[in-house]
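Now for the letters of each chain:
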Amino acid sequence: MEKEVVFTNWFKILGFSFLVSIVMIRVVAYLWLRPRKIEEHFAKQGIRGPPYKFFIGNAKEIVSLMLKASSQTMPYSSHNILPRVLSFYHHWKKIYGATFLVWFGPTPRLAVADPDLIREIFTTKSEFYEKNEAHPLIRQLEGDGLLSLKGEKWAHHRKIITPTFHMENLKLLIPGAASKVIEMLEKLTQNSKNGEIEIEVSEWFQTLTEDIVAQTAFGRSYEQGKAIFRLQAQQMVLASEAFQKVFIPGYRFLPTRRNIKSWKLDTEIKKSLMKLIQERTHDWGKEMQENGPKDLLGLMIQASMKESSLSSSINSSLNHNSAINSSMITANDIAEECKTFFFAGEQTTSNLLTWTTVLLAMHPQWQDLARDEVIKVCGSRDIPSKDDLAKLKMLSMILNESLRLYPPIVATIRRAKADVDLGGCQIPLGTEVLIPILAVHHDQAIWGSDANEFNPARFSEGVARAAKHPVAYIPFGLGVRQCIGQNLAILQTKLTLAIILQRFTLRLSPQYKHAPTVLMLLHPQYGAPIIFQQRLSNPTIVKSS
């Protein structure tokens, strides 16, 4: 009996040891043998990169390069921000060339900056690549909307949401948006001394764009939506702080004061959105009598109700569950899209406004040209009309140059869904491809010797002729997943800057430190204090009725 027990115990120990051995073999294979095999695969094709280190990859070097780059500010006159913002890419490009392999932990990423290859990834062979998963902290902010969805569900949502961003629809927002700009400018003048006031514009523009984005997203439910967006803004501040600790494994799961507050905000945001959706759905009959919805929330509810009605009809006639149910728009889908819209819409627009204002303050000659055009086109009117905005060519050139030098997203990633040929290079399944947008925008071989200079004149003949390659300019992405809200960002930025230029001259504050850095998006590390000086010929600021 005792021998049987001993034998049984030994058998269990042997079995457990065998399982542990299998797990260890697989771990070693994944964390050591697999990376070596991938390195050899690319080396045979002439592609190299910094050597892989067990488990951490090149993370230690990347962090070291980033910390060193961000420790010093830049000269005001310099727009050569690549070495500071994408320091690891700039460093290794000099050693291995524009296409090289870099390791983020055990995950290989192939850096690709050739416009022809970028076009393959996003257009001609886009079916072989998918968007990679966002960092969990960013995913919490952006929601499970268009930015993160894939496949048929993504295509279905985009088709429904697209009418929200048609230019004719967006132009209806101009009077309300202009009134908000003027209202905020009035508050500035009340606190000014000798006609001038210093404003930290990165924060000021966030407050401004929250209102416009709330109007676009929620329409007649604007006030409730704005309250929800304020909660998201609080969550974004907490996420930005936590994002600086991403290299501490598991930090976001710890019950710290900041994390607990973020979790509570997330719950409150979802609860408020679901309540708002329920209220709008309840009053749907009244809304349809008013020519139907034009806002994001209304269009999503309309699609959901149509699909629900169609599904009920099909199911009742066939007497079984239809496959249509799997693609139906649910209340949760609508809530997630609203979260996505706030994160993407507010951040992109306020970011573009901030950097363009900084550039205008840095380059007074271009500021004067833009102002002369605004006054010539708009005259002394307080609010530029939709037709006026379309005529502001100089301002359009300045915005394009701002997006080239300081794009909101400095790099993007795609993952190979299968083994694929990329410009003659064999890319294995699962390999991530890193497209350094900032590097492409600053490439002297594409943009000329003045690539790191602020020169809006390069866009005088339009975007297509500004560079030596049509895919050299991609601030809003490329292909089918191109940013759906770019029209809103451009329209709001042109309107806001036109009104500001009518009334103020801009110059950098002595407190300004030129230090672009990445924290989710490209932003000024130490803020962007700008001095607004009222113009002597400033037209009277009155509230728009």
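Since the model is a prediction, treat every value here as computed from it, not as a measurement.

> Summarise the environment of Gln-224; cite the residues concerned and give the values.
Of note, Gln-224 is situated in helix α11 (residues 222-243). Judged by relative accessible area, which is 37%, Gln-224 ranks as partly exposed. C-alpha of Gln-224 to C-alpha of Leu-273: the two residues are 49 residues apart in sequence and 8.9 Å apart in space. In contact with Gln-224, not counting residues within four places along its chain, are Leu-276 and Glu-279.

> An account of the UniProt feature "transmembrane region" (unreviewed entry) in the protein chain is requested, with residue identities and associated values reported.
Mapped onto the present numbering, the UniProt feature "transmembrane region" (unreviewed entry) falls on residues 13-33. Taken end to end, residues 13-33 is 100% helix and 0% strand, and its two terminal C-alpha atoms sit 28 Å from one another.

> An account of the sheet that holds strand β8 (residues 432-435) is needed here, citing residue identities and associated values.
With respect to topology, five strands assemble into an open sheet ordered β1-β2-β8-β5-β3, the strand pairing being mixed. Strand pairing shows two members of the sheet lacking a second neighbour, β1 (100-104) and β3 (129-131), which therefore form its edges. Neighbour-to-neighbour, the strand axes of the sheet open up by a mean angle of 35°, direction not taken into account. Where strand β5 (residues 412-416) and β8 come together, four bridges link them in antiparallel fashion. Across the sheet, Ile-413 pairs through a bridge with Leu-434, a residue of β8. Packed on one face of the sheet, helix α5 (residues 115-124) meets β3, β5 and β8 and runs near 120° to β8.

> Describe the pattern of salt bridges, listing the residues and the values that go with them.
Scanning the model with the defined rule gives 27 salt bridges in all. Linking Lys-150 and Glu-130 is a salt bridge whose minimum nitrogen-to-oxygen distance equals 3.9 Å. Taken as a pair, Lys-150 in the loop between α6 (136-142) and α7 (151-161) and Glu-130 in strand β3 lie far apart in primary sequence, 20 residues in all. One salt-bridge network, in which partners are shared between bridges, spans Arg-109, Glu-130, Glu-133, Arg-139, Asp-144, Lys-150, Arg-415 and Glu-432.

> Residues and numbers for the UniProt feature "binding site: heme" (unreviewed entry) in the protein chain, please.
In the UniProt entry, the feature "binding site: heme" (unreviewed entry) is given for Cys-483. As for its placement among the helices and strands, Cys-483 is situated in the loop between α20 (444-447) and α21 (486-503).

> Give a detailed account of the sheet that holds strand β4 (residues 196-200), specifying residues and quantitative values.
Here we have three strands laid out as an open sheet, ordered β4-β12-β9, and antiparallel in their pairing. At either margin of the open sheet sits one strand with a lone partner, and together these are β4 and β9 (504-508). Within this sheet the neighbouring strands show an average axis-to-axis angle of 30°, counted without direction. For β9 and strand β12 (residues 529-534), the ladder comprises five bridges, and the chain directions are antiparallel. Bridge assignment links Leu-506 to a residue of β12, and that residue is Phe-532. Each of β9 and β12 is contacted by α21, which is oriented at about 100° to β9, the strand it contacts most.

> Please set out the side chain of His-441 residue by residue, giving values where relevant.
Within the secondary structure, His-441 is located in helix α19 (residues 437-441). For His-441, the contacting residues outside a window of four places in its chain are Leu-403, Arg-404, Pro-407, Trp-447, Ala-472, Tyr-473, Ile-474 and Pro-475.

> Describe the pairing of strand β11 (residues 521-524), with residues and values.
Direction of pairing for strand β10 (residues 516-519) relative to β11: antiparallel, over a ladder of four bridges. Counterpart to Thr-517 in the pairing with β11 is His-523. Between β10 and β11, which follow one another and run antiparallel, lie one residue, and Met-520 among them has a positive phi close to 75°.

> Any chance you could break down the packing of aromatic side chains for me, citing the residues and the numbers?
For the structure shown, the criterion picks out 18 aromatic pairs. Measuring from centroid to centroid gives 6.3 Å for Trp-32 and Tyr-52, while their planes differ by 50°, and the two rings are tilted. Here the residue Trp-32 occupies a position in helix α1 (residues 2-43), and Tyr-52 occupies one in the loop between α1 and α2 (59-70), the gap between them amounting to 20 residues. Members of the aromatic cluster, each reached through a chain of ring pairs, are Trp-32, Tyr-52, Phe-54 and Trp-103. Above the ring of Phe-104, the side-chain terminus of Arg-109 is found at 4.1 Å from the ring centroid.

Cut-offs applied
- Residues numbered from 1 in each chain as written.
- Predicted model: local features only at pLDDT ≥ 70, side-chain atom pairs only at ≥ 80, totals over all residues.
- Heavy atoms only, no water.
- Helix = DSSP H or I, 4+ residues; strand = E, 2+ residues; numbered from the N terminus.
- Buried < 20%, exposed > 50% of the residue type's maximum accessible area, 1.4 Å probe, protein only.
- Contact = heavy atoms within 4.5 Å.
- UniProt positions renumbered as here; feature names shortened; annotations may be inferred.
- Pairing = 2+ DSSP bridges.
- Axes fitted to C-alpha atoms, helices over the stretch in contact; angles between N-to-C directions.
- Salt bridge = Lys/Arg side-chain N within 4 Å of Asp/Glu carboxyl O.
- Phe/Tyr/Trp six-rings, centres within 6.5 Å; stacked < 30°, edge-to-face > 60°.
- Lys NZ or Arg CZ within 6 Å of the ring centre and 35° of its normal.

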